[in-house]
Amino acid sequence: MNHPWIIYLRAYMSIRVHRARTAPTRGASAIEWVIITAIIAGVALGLATLIKTVVEQKQGEIESGAGIDGTHS
């Protein structure tokens, strides 16, 4: 769990939680902000993982020569 994105996400979330706990309550509550932030971070991490997987698959296809001559093996 020492991936740079995980470290960044932990630091970002701890800052958000601290701000949510110490801020005056106007609008959405602190818990709502934490939940919203966690959902957004989860979606972003999921998309990053999906994009990475697709890119790695395409890289493998390119390296193996599949699709270069218009045929798929």
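For the structure, see preceding data.
Everything quoted here is computed from the prediction, not taken from an experiment.

### Overview of the layout of surface pockets
Here is step 1: Taken as a whole, the largest pocket spans an internal volume of roughly 240 Å³.
Here is step 2: Taken together, 13 residues make up the lining of the largest pocket; nearest its centre are Tyr8, Leu9, Ile40, Ala41 and Ala44.
Here is step 3: Broken down by secondary-structure element, the contributors of at least two residues to the lining of the largest pocket are helix 1 (4-22) and helix 2 (30-64).
Here is step 4: Examining the composition of the lining of the largest pocket, we find that eight residues originate from one element, helix 2, more than from any other.
Here is step 5: Of the residues in the lining of the largest pocket, the class split is eleven nonpolar, one polar and one charged.

### Some points on the pattern of salt bridges
Once their charged atoms are close, side chains differing in charge can pair, the charge on each being opposite to the other.
Here is step 1: Going through the model one piece at a time under the given rule, you end up with two salt bridges.
Here is step 2: The residue lysine 52 makes a salt bridge to glutamate 56 at a minimum N-O spacing of 3.8 Å. With lysine 52 and glutamate 56 both in helix 2 and four residues apart, the pair spans about one turn of that helix.
Here is step 3: Judged by relative accessible area, lysine 52 falls into the exposed class, the value being 52%.
Here is step 4: Relative accessible area serves as the criterion here: at 43%, glutamate 56 is assigned to the partly exposed category.
Here is step 5: Between glutamate 61 and lysine 58 there is a salt bridge, and its shortest N-O distance comes to 3.9 Å. Of this pair, glutamate 61 and lysine 58 both sit in helix 2, separated by three residues, roughly a single helical turn.
Here is step 6: Exposure remark for lysine 58: the relative accessible area of 46% places this residue in the partly exposed category.

About the criteria used
Residues numbered from 1 in each chain as written. Predicted model: local features only at pLDDT ≥ 70, side-chain atom pairs only at ≥ 80, totals over all residues. Heavy atoms only, no water. 1 Å grid on protein atoms, 1.4 Å probe; cavity = no way out; pocket = protein on both sides within 12 Å on 5 of 7 lines; lining within 4 Å. Points joined across faces, edges and corners; volume = space filled by probe spheres on them. Helix = DSSP H or I, 4+ residues; strand = E, 2+ residues; numbered from the N terminus. Nonpolar A, V, L, I, M, F, W, Y, C, P; charged D, E, K, R; others polar. Salt bridge = Lys/Arg side-chain N within 4 Å of Asp/Glu carboxyl O. Buried < 20%, exposed > 50% of the residue type's maximum accessible area, 1.4 Å probe, protein only.

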